[in-house]
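Chain by chain, the residues run as shown.
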Amino acid sequence: MAALQASGAISLQDIEEQYTPGSNLPSRGLNDFYLGGSLVRANAGNNSSTNMSAGVPASGTISFNDFYGKERAFKKTFSDGDTNQSANTIFGDDFAVDYPKQLVLGSGHTIGSTNPSNAALTIETNGVGSITVTNEGSIEGAGGTAGGGAGGNALEVAGSVAVTLVNNGTIKAGGGGGGAGGAGGAGSAGSTATISSVTDKVGSKPTFVPYSVKTQFVPARAWSGIGSGEWGLNTSGSTVTSSISDRGPMWYSFQVNKSAEYSLSASITDPYPEDGHTGHRGQPRVDISTAENTASQGQGGSLYGSGLSWSGVKAPLAASTTYYFCNYTVGPYTFTAGGDGIASNFYYNNMNTSLSLSVSEPTSGGSAGAGGVGQGYNQSAGSAGSGGSGGTNAGTGGNGGAGGAFGASGSNGSVGGNGTGTAISYPSSAPANGSAASAGGASGKSIQGDSNVTRSGSGTLTGGVA
């Protein structure tokens, strides 16, 4: 109902029709229409809206002139910069009272949401009485967050409360955020490690070697030492090699500068000269431990190697860690009772081992491209971020998706590229496939709860309704 006339003749019937519309009650006197009574309500203490009957006396002298331009309504007129508006908050306790409420946005003005979780204007389900929204400006939801966040709603009518919408402006749902791209998969790349802190263990053998040392060296040693002749240890170049004769074993400590899988190989030859001890060659084994005089603790398993000659066995070694390396024999490889009949007497010409310093290391996959934010109140749609290139043989990160415009979903991100290179499992598995991308976020709704809204006007809705 329109407000009472601003001038001219005004009657008690005009006032009754304004404040008791449609009633067939007997005629009242003006003193029934004091402000603060049951007919002309005063604002509750937490009602911040404008009382369109302000100025009507609450007591004392009252006249027809006091009602010029007055209206039975609470009215909130929005200003630019108003955000995340709640009808329940605006009208306070009066929101649940059967008394008309008006929400008005003038031409050229904008209200919006700063968070996709909140609509720009929410009308909660506890509203009672006629609720009218008049929009001549723009009501704008928040844009979705980067990485696929959903856009926010512009106008949200909760529950089953009835709302009349007169829309001659624009109501815009927030656009969805663009999906993030997937990270590129790890690759692996060849590298050359270095060995350092190589130290000869001067004792004849570790206690876990089950046989006594028998060798040509005096005093009884399993080998001739580091870089000291045919049956010694050579640490130059990209491969650490060693050779020992008779029984062995060889025993030393070392460190490497890269965490990687190191390749081991070993072989054992017939005794020289042939003297009936072929069946007593045994099998060459390598034991690597992080504790002196202690058998393997899990660096790739227990003992490395099986057979008279083996290669390509991988030992995962951590950088800057002291390891104790022991090369000795187990077996015998074949043995027939007879002769000296002692299975633990191993004889061979040479036992050779190598530790390759040519390793493969994991390389980091390219970083994922970021998705753009969705368009929303005071926020433009963000562009798609580019994925990073990553390390050698690594997969390139997938590009992110662009943020959606008002009322539009965000674009999907792109999957990360796969890594390539030699397969390794330490210090991490590589190569690896790129990660999946995330989908773009859905747009918000221009009107959420549209079934509760009676619409009119020549304005536009950008984005769907639900």
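Just so you know, these numbers come straight off a predicted model, no measurement behind them. Along each chain, residues carry numbers from 1 onward, in the same order as the chain's sequence is written. Where totals are concerned, whole chains, interfaces and linings use all residues; where local detail is concerned, this predicted model gives features only for residues with pLDDT of at least 70, and gives and counts side-chain atom pairs only at 80 or more. Note that water and hydrogens are dropped before the side-chain values are worked out from all heavy atoms of the structure.

## Examining the sheet that holds strand β3 (residues 85-86)
Stage number 1. Strand order in the open sheet formed by 4 strands is β3-β6-β9-β23, and the pairing between neighbours is parallel. The sheet is open, and its two edges are formed by β3 and β23 (447-448), each paired on a single side.
Stage number 2. When DSSP finds two or more bridges between two strands, those strands count as paired. Note on conventions: DSSP H or I runs of at least 4 residues are helices, E runs of at least 2 residues are strands, and numbering of each starts at the N terminus. The sheet contact formed by strand β9 (residues 155-157) and β23 spans 2 bridges and is parallel. When the sheet's bridge partners are listed, L155 is paired in β23 with I447.

## Side note on the confidence of the model for the protein chain
Stage number 1. With 90% of its residues at a pLDDT of 70 or more, the protein chain shows a mean pLDDT of 90.
Stage number 2. The pLDDT value expresses, per residue, how confident the predictor is, ranging between 0 and 100. Any two residues whose heavy atoms approach within 4.5 Å at even a single point are treated as in contact. This stretch, residues 337-343, has a pLDDT under 50; its non-local contacts, to residues over four places away or in other chains, come to 8 contacts.

## Thoughts on the sheet that holds strand β25 (residues 460-462)
Strands in a sheet are paired, the pairing made by backbone hydrogen bonds, and the direction either parallel or antiparallel.
Stage number 1. The strand order across the open sheet formed by 4 strands is β5-β8-β11-β25, and the pairing between neighbours is parallel. Each edge of the sheet is formed by a strand with only one pairing partner; in this case those strands are β5 (110-112) and β25. Averaged over neighbouring strand pairs, the angle between their axes works out to 10° when direction is ignored.
Stage number 2. Of the strand pairs in this sheet, strand β8 (residues 138-140) and strand β11 (residues 170-172) are connected by 3 bridges, and their pairing is parallel. Paired with E140 across the strands is K172, a residue of β11. Lines fitted to C-alpha atoms define the axes here, with helix axes fitted over just the stretch in contact, and angles between the N-to-C directions of these axes take values from 0 to 180 degrees.

## A short note on the layout of surface pockets
Stage number 1. With a 1 Å grid laid over protein atoms only, a set of points is called a cavity when a 1.4 Å probe fits there but cannot get out and a pocket when it is open yet has protein on both sides within 12 Å along at least five of seven lines; lining residues have an atom within 4 Å of a point. Grid points are joined across faces, edges and corners, and a volume is the space filled by probe spheres set on the points. The calculated volume of the largest pocket comes to roughly 170 Å³.
Stage number 2. In terms of lining residues, the largest pocket is bounded by M1, Q18, P21, E71, R72, A73, P100, K101, Q102, S130 and T132.
Stage number 3. Amino acids are sorted into nonpolar (Ala, Val, Leu, Ile, Met, Phe, Trp, Tyr, Cys and Pro), charged (Asp, Glu, Lys and Arg) and polar (every other residue, Gly among them). Split by residue class, the lining of the largest pocket holds 4 nonpolar, 4 polar and 3 charged.

## Some words on the packing of aromatic side chains
Stage number 1. Note on aromatic contacts: the rings of Phe and Tyr and the six-membered ring of Trp form a pair at centre separations within 6.5 Å, being stacked when their planes are under 30 degrees apart, edge-to-face when over 60 apart, and tilted otherwise. Tallying each qualifying case throughout the model produces 10 aromatic pairs.
Stage number 2. Taking the centre distance of 4.8 Å and the plane angle of 45° together, the rings of F74 and Y99 count as tilted. Of this pair, F74 sits in strand β2 (residues 74-77) while Y99 sits in the loop between α2 (87-91) and β4 (101-105), and the two are 25 residues apart along the sequence.
Stage number 3. Its relative accessible area of 0% is what places F74 among the buried residues.
Stage number 4. The rule is simple: take the accessible area with a 1.4 Å probe, protein chains only, and divide by the maximum for that residue type; under 20% is buried, over 50% is exposed, in between is partly exposed. Y99 gets classed as buried once you look at its relative accessible area, which sits at 1%.

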